[in-house]
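Here is how the chains run, residue by residue.
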Amino acid sequence: MNLREPLAIPADRPLDVLIHTRYSTDEQSQSSIDGQINSCQRFLTANLPRECRPEQVNVEIIREPEISGEIADRPGINQVWAGMRDHRWDVILAEESSRLYRHMTFASQFFDTAVDAGIRVICPTDYIDTADEDWPERLHSALGHHGRANHFTRNRIKRAQESRWLSGAAMGPLAIGYKRRPSIPATAGQLSRGPFFDFIDEECKAIIVEIFERTANDEPPWAVADWLTSIKFPKAKNSQKPEWNAGNVISLLRRPIYRGEEVFRTLRRADACRGPQRGRLPLRQLKAVHLLEPGYLSPGTGSPNDSPAGRRCADVGRRRQRPAGGPRSGAACHRRRYRCRASVP
């Protein structure tokens, strides 16, 4: 959301901002509040004047965990009402209007009272800013969506994913050679809850490193796959067959997580990667999952470096072919395998 009227710092005092957060009993996730706070803080930072100094902004946070927005009398929202009567804030910032109230009448009374008190209310996800003249129409439209099937659910999901990404939490399926730790362990009456964080499985680390070493020593992928099958090294949980093949080895070599890197929201369509935004995808460094030593690949680029391992892992699958008559031979398999490119992304 881009503000039509920028935030202004008072000349004689700091700007007082309230960030209000809430999640209802059907979500049951403390990480939702953390994600809302991070989202609001990023929005505030992006819309403050460039010359603004940290001491010129006072931020207060009110949290309301595990309580429905349909309830009018809530401890957290009552604090907000009391603060509005005392004119404690210049701006009230909430991720969306339903975090304040999910009831049309209660929300309208809240916004009207804030405007009468000279307090600016901003809900970025709903594109509501009481500094705009059309804020009543936007509020009515947003509350209608929240009361029915939530049209803005995708914004919540995106915010939750971005919060997990920034905190270093796991984003996708568990990679081979890692374990996953929940934020809240399981108990006798409740399952474990996230966000979940990956860490290296020490029992598998030596084998993963040996896969790269065998590849660096010019061993073909199909031979590495036969070795992994012979030692009964487990594949990913979603694998349909326990046996390893060359494609599995090539996919493992391509995973950037083994050098402690991950890319968020990658572009999958080839034609989408040709635009001006190519190569500007968010990248995060995760020291806790850095399984390989820096000598294998150049950090950040994914291109091979001057080490033998880096050159070999980049070339595997392009030059090495299965010998004629060897295991899993066949013209169809050969053609499919030759098209497989195993350069590490």
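Heads up: the structure comes first, above all this text.
Since we're looking at a predicted model, the values are computed, not measured.

Criteria and cut-off values
- Residues numbered from 1 in each chain as written.
- Predicted model: local features only at pLDDT ≥ 70, side-chain atom pairs only at ≥ 80, totals over all residues.
- Heavy atoms only, no water.
- Pairing = 2+ DSSP bridges.
- Helix = DSSP H or I, 4+ residues; strand = E, 2+ residues; numbered from the N terminus.
- Contact = heavy atoms within 4.5 Å.
- Axes fitted to C-alpha atoms, helices over the stretch in contact; angles between N-to-C directions.
- Parallel < 35°, antiparallel > 145°, perpendicular 65-115°, else oblique.
- Left-handed = near helix turned anticlockwise from the far one by under 90°.
- Salt bridge = Lys/Arg side-chain N within 4 Å of Asp/Glu carboxyl O.
- Buried < 20%, exposed > 50% of the residue type's maximum accessible area, 1.4 Å probe, protein only.

Undergrad: Looking at this structure, I do not really get the sheet that holds strand E2 (residues 57–64). What am I missing?
TA: Strands pair in a sheet through their backbones, by hydrogen bonds, and they do so in one of two ways: parallel or antiparallel. Strands sit in the order E2-E1-E3-E4-E5 across an open sheet of 5 strands; the sheet is mixed. With partners counted over all chains shown, the strands left at the sheet margins are E2 and strand E5 (128–129), one partner each. Across 8 bridges, strand E1 (residues 15–22) lies against E2 in parallel orientation. Bridge assignment links Val 17 to a residue of E2, and that residue is Val 59. Here helix H2 (residues 75–85) sits on the sheet in contact with E1, E2 and strand E3 (91–94), set at roughly 145° to E2.

Undergrad: Please clarify how the packing of H2 against helix H4 (residues 104–116) should be interpreted in this entry.
TA: The description of two packed helices rests on the angle between their axes and on the distance between the axes. At their nearest, the axes of H2 and H4 sit 10 Å apart, and the two run at 25° to each other. Here H2 is positioned roughly parallel relative to H4, judged by the angle of their axes. Where H2 crosses over H4, the handedness of that crossing is left-handed. From H2, Ile 77, Val 80, Trp 81 and Met 84 reach across to H4, where they touch Gln 109, Phe 110, Thr 113 and Ala 114.

Undergrad: Is there a simple way to explain the pattern of salt bridges in this structure?
TA: Any two side chains of opposite charge can pair, given that their charged atoms come close. If you walk through the whole model with that rule in mind, you get 14 salt bridges. Where Asp 132 meets Arg 4, a salt bridge forms, and the shortest distance between an N and an O atom there is 3.9 Å. One end of the pair, Asp 132, is in the loop between E5 and helix H5 (135–147); the other, Arg 4, is in the segment before E1, and 128 residues separate them in sequence. On the basis of relative accessibility, which here comes to 53%, the residue Arg 4 falls in the exposed class. The partner of Glu 95 in a salt bridge is Arg 99, with the nearest N and O atoms 3.2 Å apart.

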